[in-house]
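If you want the building blocks of each chain, they are given just below.
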Amino acid sequence: MKMLLQNAGPRSRGLAALGVIGVLVLFPPRLVGQTTALAGQGLAASVRTALTAQTFASASLPDPGGCATADADQASVLGVLSAGGLTSMTSGMADVGENTTQTTAEAAGVSIMNGLVQAKQVLAVASSWVTEQGASSSAEGSQLAGLVVAGVNLGDVTPAPNTRMSLPGVGYVVLNEQTRSGDGVTASGMAVNLIHVVLLNVLGIKTGEVIVGSASSHVSR
């Protein structure tokens, strides 16, 4: 380009310079220290009690993006959790004008607290994206199949966000638990726990928790 400008006349050099400016406007260079944040975490299941802390099929999005997966054939914590076919996947990409992340976490044949909460299939989904027009997140695609809670057959459902049900003698369960973050302009995040059982003692004090189908995503620019 430098040689072409030197050999060209004054008018040609001016037009060429304007062309370079136009390219820089359309595709501005990334400044030193300017970063794009992508984050994602998938966790098929976890158990935390006074006696144990275990996680199954956990995947974290690498920096600065890409894809990560994790699998486990079985999850078994005696009297607390049993499940199979546990899988988590998270992916993210920073592109011109748009940054996106998506995370999924799933499990099958789920039984919590000796069958007090059951599900044939659990799928949690968290997606986030940001463009020049703003940032947003969604849990669309999350679903439960063959859900049974405290003996009540709820079938194949996508519960309303943060649906809470009592578990007599154990505590309570939050279905499709959702937590949003970000300003909706330059950043957005979504965390989904499709089944979140909170264990309480007779005084109502939390003693542990069981989570099945946990997915989170976050983007910023």
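Figured I'd write up the structure that's included with this text. Numbering of residues starts from 1 in each chain and follows the order in which that chain's sequence is written. Owing to the predicted nature of the model, reporting of local features is limited to residues with pLDDT of at least 70; listing and counting of side-chain atom pairs is limited to 80 or more, with chain, interface and lining totals taken over all residues. To obtain the side-chain values, all non-hydrogen atoms of the structure were used and water was disregarded.

With that out of the way, let us pick up the pattern of salt bridges. Put simply, a salt bridge is a Lys or Arg side-chain nitrogen that is within 4 Å of an Asp or Glu carboxyl oxygen. All told, the structure shown has one salt bridge when counted by the stated rule. One salt bridge in this structure joins Glu209 and Lys206, with 3.3 Å as the shortest N-O distance. Glu209 gets classed as buried once you look at its relative accessible area, which sits at 16%. Its relative accessible area of 48% is what places Lys206 among the partly exposed residues. Partly exposed residues are those whose accessible area sits between 20% and 50% of the maximum for their type, while under 20% is buried and over 50% is exposed, using a 1.4 Å probe and protein chains only.

This part takes up the nonpolar core. Counting residues in hydrophobic clusters, the biggest one holds 40 residues, and the most contacted among them are Leu81, Leu86, Val110, Ile112, Ile195, Val197 and Val212. Among the elements that make up this core, the one with the highest residue count is strand β12 (residues 187-200) (six residues). When checking whether two residues touch, look at their non-hydrogen atoms; a contact exists if any pair is within 4.5 Å. Look past the residues within four positions of Ile195 in its chain and what remains in contact with it is Ile112, Val117, Ala119, Val122, Leu144, Val173, Val174, Leu175, Val210, Ile211 and Val212. Throughout this description, the term nonpolar core refers to a set of buried Ala, Val, Leu, Ile, Met, Phe, Trp, Tyr and Cys residues connected via side-chain atoms within 4.5 Å. Grouped together as the second largest cluster of nonpolar side chains are five residues, Leu38, Leu61, Val130 and Val219 included. For the purposes of this entry, the term helix denotes a DSSP run of H or I that reaches at least four residues, the term strand denotes a run of E that reaches at least two, and both are numbered from the N terminus.

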